[in-house]
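Report on the structure
In case you want the letters, here they are:
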Amino acid sequence: MRREEMADLTAFVVVAEERNYTRAANKLGISQSALSGIVRRLEEKLGVRLLARTTRSVAPTEAGERLVQTLRPMLQDIDQVVADLSEFRDKPAGTIRITTVEHAARTILRPAVTKLLKDYPDIVIEIIIDYGLVDLVTDRFDAGVRLGVQVAKDMIAVRISDDVPMAIVGSPAYFEQHAPPATPEDLVEHRAINLRLPTSGVLNAWRFLQDGREVRVRVDGPLVFNTIGLILDAALDGCGLAYMPLDQVEKHLAEGRLVAVLQSWTPPLPAYHLYYPSRVSSPAFKLFVEAVRHRR
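Here is what the cut-offs are and how they apply
Residues numbered from 1 in each chain as written. Predicted model: local features only at pLDDT ≥ 70, side-chain atom pairs only at ≥ 80, totals over all residues. Heavy atoms only, no water. Core = buried A, V, L, I, M, F, W, Y, C linked by side-chain atoms within 4.5 Å. Buried < 20%, exposed > 50% of the residue type's maximum accessible area, 1.4 Å probe, protein only. Helix = DSSP H or I, 4+ residues; strand = E, 2+ residues; numbered from the N terminus. Domains from an automatic or database assignment. Contact = heavy atoms within 4.5 Å. Expected span 1.5 Å × (residues − 1). Buried area = accessible area lost by both parts, 1.4 Å probe. Salt bridge = Lys/Arg side-chain N within 4 Å of Asp/Glu carboxyl O.

A separate point is the nonpolar core. In this structure, Trp206, Tyr272, Leu274 and Phe288 are the most contacted members of the largest nonpolar core, which totals 55 residues. No other element matches the 6 residues that helix H5 (residues 102-119) contributes to this core. Each of two domains, domain 2 (89-153 + 274-292) and domain 3 (166-265), supplies a minimum of three residues to this core. If sequence neighbours within four positions are ignored, tryptophan 206 has contacts with Ile168, Leu187, Ala192, Ile193, Asn194, Val215, Arg216, Val217, Val219, Leu241, Ala242 and Tyr243. Grouped together as the second largest cluster of nonpolar side chains are 20 residues, Val14, Ala25, Ile38 and Val39 included.

For helix H3 (residues 32-46), which comprises 15 residues, the first-to-last C-alpha distance of 21 Å matches the rise-based estimate of 21 Å (1.5 Å per residue) to within 8%. Among the residues making up H3, those that are buried are Leu35, Gly37, Ile38, Val39, Leu42 and Glu43. Backbone geometry just downstream of H3 places glycine 47 in the positive-phi region, at approximately 80°.

As a further point, take the domain arrangement of the protein chain. Segmentation of the protein chain into domains returns domain 1 (3-78), domain 2 (89-153 + 274-292) and domain 3 (166-265). If you average the C-alpha positions of domain 2 and of domain 3, the two centres end up 29 Å apart. Interface of domain 2 and domain 3: buried area, both sides summed, is about 780 Å²; carbon and sulfur atoms make up 61% of it. It is Glu102, His103 and Tyr131 that lose the most area in domain 2 upon contact with domain 3, and together they represent 62% of the buried surface on that side. In this structure, the connection of domain 2 to domain 3 is made through 0 salt bridges.

What follows is the structure in structure tokens.
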């Protein structure tokens with residue numbers, strides 16, 4: 001295969017993954033018209049249509065999707081070989097893409113990478129907040145961070161935190177209108193501020209210990225968000241009860257802006273883990289793993 005053909009195939013994969021010529025052209029550093037010409041030339045050479053175009057987006061045809069599935073592992077292998085070459089540099093370099101939930105990003109990843117990047121300025125770390133369970137390979141992430149129970153068995157998993165203490169909290173103004181719940185069953189009389197989980201589309205369940213076993217309860221309420229920052233703000237405003245990591249509300253509890261309930265019923269969540277496929281092994285990534293690894 002000639003180099004020009006490889007470049008054309010790579011450009012096609014980028015368009016297919018971005019599903020947008022403008023974003024793909026920006027990513028490749030070429031003009032949109034040039035990129036459109038590359039794809040058209042490739043389709044003419046192969047004799048099949050690879051992309052279905054609409055006024056708003058593009059999507060692979062059946063033939064295009066088959067080509068993407070074949071090419072993607074090859075291109076990932078090339079990316080890995082290039083990343084491995086950073087061993088021969090004086091300083092590790094490269095981009096590391098991480099998918100994580102908001103709480104882990106704030107409390108674990110950001111503090112850890114702040115120090116790492118001071119010592120290794122040629123490393124770039126991209127942290128994407130997402131409560132869904134993504135496919136690391138398909139979505140081109142190097143690793144993910146989720147609670148230990150959410151990590152797939154075929155991944156390498158590295159513990160990066162203690163178990164996560166949780167709290168159910170409401171404002172004093174809220175409790176002026178609603179009696180504090182004494183048991184989880186009392187929550188049917190309360191209003192919750194909920195977190196929507198994108199993968200399943202359901203509301204995040206609140207976990208309780210009852211008679212020595214864990215039970216999960218979904219509480220109805222007037223507000224649903226996809227970030228815990230907005231859930232906390234709404235709880236402070238008196239809109240309802242919130243199920244939050246304890247470290248995010250401790251200051252407000254101490255200063256009387258929030259009140260915790262059902263404390264003896266609320267167990268911690270399992271520890272966060274960094275997970276990744278075994279093929280990931282660049283020097284920069286190894287430094288990142290050591291930077292976030294849990295140390296008692």
